[in-house]
Each structure stands twice: as structure tokens, then as C-alpha cells.
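Spelled out, the chains give:
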Amino acid sequence: MMTREFADLHPELRAVARNLLTAGHPDWTLLTQAGWPGLEIEESLGGAEVSFAETAIVAEELGRAAARSSHLGVSLGIGALLALSPDTGRDEALSAAAGGTELPVAVLSTGERPSIGFTLTAGGLSGTADFVPDATEATRLLIPAQDSEGTPALVQIDPAATGLLITAQPTLDETRRLATVTADGVQPTQVWPFPATQHLLDRGTVAVAADSLGLAEAMLAATVDYVRIRHQFGRPIGSFQAVKHACADMLVQIRVTRRLVEAAVDAVAAGSDAQTAVSMAKAYAGETAVAVAGKAMQLHGGIGYTWESGVHVYLKRATLNRSLFGSPTAHRRALATRFR
């Protein structure tokens, strides 16, 4: 599928998503009615059958609103299912996800070095993953693993299965729900061959980069609005040269981030080797979001440090995003290795 096949629909998708998210804190039922879980799912299974490019737009708008939802974990779960060959179990799971009756969540360690920490033997599934998005909300867990011969597999697990422990991991960012998932001889409900682990990691990495882009743009817009109305010495502080330069620097960083994120989204949506584009986007977007949110807090002055301003919500989300699916340092190290 061409990654820009539905580009004409992107402005409308952005507008609808922005309106929905700014109206309050929508629950999963409302997001399902908007069709977000089913964006990439086949029409025959109740989805819209578009591409990852449209899923990335939703991720960007979720970041712009600093919204709390299960979208990241579920979109990864759906991505894992879409990478499988069609069969009855896979199609039933996708249909239920599109209809909002189930939340399939992919279990991936998303820390400094995302990795596959599970093995599947005759005794069941064993291993641990840390900082798993939305695992506590899942109705089914999809766990990339390796069997005793080192062959990659996707293992479906019931969250209530014996031997499985899901422990919530509190973080400073209250807009994300992360957990540690530990399996000790858990019996799977289904096992599929799964050669797409790297593609799944790339999807998650780009989704977080898009989220960072959205929140950075939101912070720049909020800052520009504020410096227009805040007066010092009888004039708007936005008229001061130092403030103008700070906002201009934020804009330049965001524009570079958008180009890098769009390139990474296109690479992932096309199913090509996306690791270089993904690492470039994640490294730059992670640092940009933290820098922009920090500068926004500074330019808001004293009010920026208060609970009421809301800037702290974006700064904490940006800081967590910077670490999820690998830090900027980790991605630059990976880039250096690839180009060496």
C-alpha cells in the first residue's frame, strides 16, 4: 500500500481527532466509535483498512492533547496481529479490537534497550518485560518470544492465566500506564510464527516520536499565545527580542522533528528497512519535546511552574517519551554502529 494513498484525508483526520480530544477525556468506547483502533484493520473485519501513516496522526494528536488512553499498547497489539498471516484466531482478534470489545496489547520492554525477554518451551512461556504500555488494561496479551530452537514466535496469553504476573509501574507521568509483565511457565492460548519483531519495535518507537512531536507543537502554541497577552514594562513580552528568538528556536526544532518523523512513518508504513529513519526521528523528537516543554515553562514565568498552568503535564510526558523505546543516546549509538 502506498504510504501517502490517503494523504488527502489527513487534514480531516487531524481536525476530528483534535476536536474529540479537546472536548474532554474520552474513554475507550468513544475512541472506538471514532474508528481509531480499526484504522489499519481490513474492512471485512470491521476496520478502515488504511495505513500506519494514519495511526501515526492519531498518536501525534494524542500527544498534542497529552491524553491518557490505551492507544499505544493496543496499536502495538493490532500491529502484531496485522503482521501475521490471516487465520481464524488472528481475524477474530482483529475484529474484536476494531469493535472495541477487546484490547489486545503487545508485550515489549520499552526501556533503554527494547528487547525480547521471553522464551517458549514445552513447559510454557517464561520471561519478563519492563515498562510495558497498557498491559494492565489488556484483555489479551501478545508476547513476542523465542522457542527452544531460537525461532521467533508470537504467543497469545490470557491476562488471568496461571503463572502470569502484571505489576503496575508508577511513573512521574500520570498520562501513561506502564507495567512489568512476568511469565513463569504460562500456557499459551495460541502461538504463531512471528518474524516481524523489529517491525513491531519500529512501530512503537515512531508512535512515541509522533506523540513527542504533537506535544512539542502544543507547547509552542501555548507559549506563543501566552507571550502575546502577558505584559511587562507596558508591552507584551512576546515583543522582546530574547523571547522572539526563543520561540523561533522552538519552531525550528519542531520543523526538523516533523520532517524526521514523517520520513520514519513512511518507512514503517512501507514495510521497508526503517531502523535508520526510526532512530533519527526518535533521537531528535525525544530531545526536542523535552527542550520545548522546558522552554515553555520558562517563558510562562512564575505561572508556568504552577499546577494550574498544565505545562508540567507536558514536560513529564515529554521526559518519559524521551526514554520509552530507547533514549536519544541509545539511538545515536545504534546509528553510529549502522554507519560505521
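Note that this is a predicted model, so its numbers are computed, not measured.

Calculation notes
Residues numbered from 1 in each chain as written. Predicted model: local features only at pLDDT ≥ 70, side-chain atom pairs only at ≥ 80, totals over all residues. Heavy atoms only, no water. Core = buried A, V, L, I, M, F, W, Y, C linked by side-chain atoms within 4.5 Å. Buried < 20%, exposed > 50% of the residue type's maximum accessible area, 1.4 Å probe, protein only. Helix = DSSP H or I, 4+ residues; strand = E, 2+ residues; numbered from the N terminus. Contact = heavy atoms within 4.5 Å. Pairing = 2+ DSSP bridges. Salt bridge = Lys/Arg side-chain N within 4 Å of Asp/Glu carboxyl O. UniProt positions renumbered as here; feature names shortened; annotations may be inferred. Expected span 1.5 Å × (residues − 1). Axes fitted to C-alpha atoms, helices over the stretch in contact; angles between N-to-C directions. Parallel < 35°, antiparallel > 145°, perpendicular 65-115°, else oblique. Left-handed = near helix turned anticlockwise from the far one by under 90°. Nonpolar A, V, L, I, M, F, W, Y, C, P; charged D, E, K, R; others polar.

(A) View of the nonpolar core. Core analysis: the largest hydrophobic core is formed by 105 residues, its most contacted members being Trp-36, Val-107, Phe-118, Leu-125, Leu-141, Ile-157 and Val-261. Top element by residues in this core is helix H6 (residues 197-229). It accounts for 15 residues. Once residues lying within four places of it in the same chain are set aside, the contact partners of Leu-141 are Val-105, Val-107, Ala-135, Val-155, Gln-156, Ile-157, Pro-159, Leu-164 and Ile-166.

(B) Representation of the pairing of strand S4 (residues 140-147) within the structure. The buried fraction of S4 amounts to six of the eight residues, a majority that puts the element mostly inside the structure. Looking at chain direction, strand S1 (residues 104-106) and S4 are connected through three bridges and run parallel. Bridged to Val-105 within S4 is Leu-141. Alignment of strand S2 (residues 118-121) against S4, held across two bridges, turns out to be parallel. The partner of Leu-120 across the bridge, within S4, is Asp-147. Looking at chain direction, S4 and strand S5 (residues 152-157) are connected through six bridges and run antiparallel. Across the sheet, Leu-142 pairs through a bridge with Gln-156, a residue of S5. The turn joining S4 and S5, which pair antiparallel and follow one another in sequence, is formed by four residues; a positive phi near 85° is taken by Gly-150.

(C) Seen up close, the pattern of salt bridges. Applying the stated criterion across every chain, the model contains 19 salt bridges. With a closest N to O distance of 3.9 Å, Asp-225 and Arg-228 form a salt bridge. Note that Asp-225 and Arg-228 are positioned in helix H6 at a spacing of three residues, about one turn of the helix. On the accessibility criterion, Asp-225 (45% relative accessible area) is partly exposed. A residue is classified by how much of its surface remains accessible, and Arg-228, at 58% relative accessible area, is exposed. As a salt-bridge pair, Glu-287 and Arg-332 come within 2.9 Å of each other at their nearest N and O atoms. Linking Glu-287 in helix H8 (residues 275-299) with Arg-332 in helix H10 (residues 328-339), this pair joins segments that are 45 residues apart in sequence. We classify Glu-287 as partly exposed; its relative accessible area is 36%. Salt bridges sharing common partners tie together Arg-14, Arg-18, Glu-60, Glu-61, Arg-64, Glu-217, Arg-258 and Glu-262.

(D) Structural context of the UniProt feature "domain: Acyl-CoA dehydrogenase/oxidase C-terminal" (unreviewed entry) in the protein. UniProt tags residues 195-338 as "domain: Acyl-CoA dehydrogenase/oxidase C-terminal" (unreviewed entry). As a span, residues 195-338 carries 78% helix and 3% strand, and end to end its C-alpha atoms are 21 Å apart.

(E) Fine view of helix H7 (residues 241-270). An ideal rise of 1.5 Å per residue puts 44 Å on 30 residues; H7 measures up with 44 Å between its terminal C-alpha atoms. Phi for Gly-271, located one or two positions after H7, is positive at around 75°.

(F) Region of the structure containing the environment of Glu-61. Here Glu-61 lies in helix H3 (residues 52-64). As for Glu-61 and Ala-80, which are separated by 19 residues in sequence, their C-alpha atoms are 22 Å apart. Residue contacts for Glu-61: discarding those within four places in its chain leaves Arg-14, Ala-17, Arg-18 and Leu-21.

(G) Structural context of the environment of Ile-57. Position of Ile-57 relative to the elements: it lies in helix H3. For the pair formed by Ile-57 and Pro-11, sequence separation is 46 residues and the distance between their alpha carbons is 9.6 Å.

(H) View of the packing of H6 against helix H9 (residues 311-323). Two numbers describe how H6 lies on H9: the axes approach to 10 Å, and their chain directions differ by 155°. With respect to H9, the element H6 is oriented roughly antiparallel. As H6 runs across H9, the sense of the crossing is left-handed. Touching Val-208, Asp-211, Ser-212, Leu-215, Ala-218 and Met-219 of H6 are Val-311, Tyr-314, Arg-317, Ala-318 and Asn-321, all from H9. Of the residues assigned to the contact of H6 with H9, the class counts are seven nonpolar, two polar and two charged.

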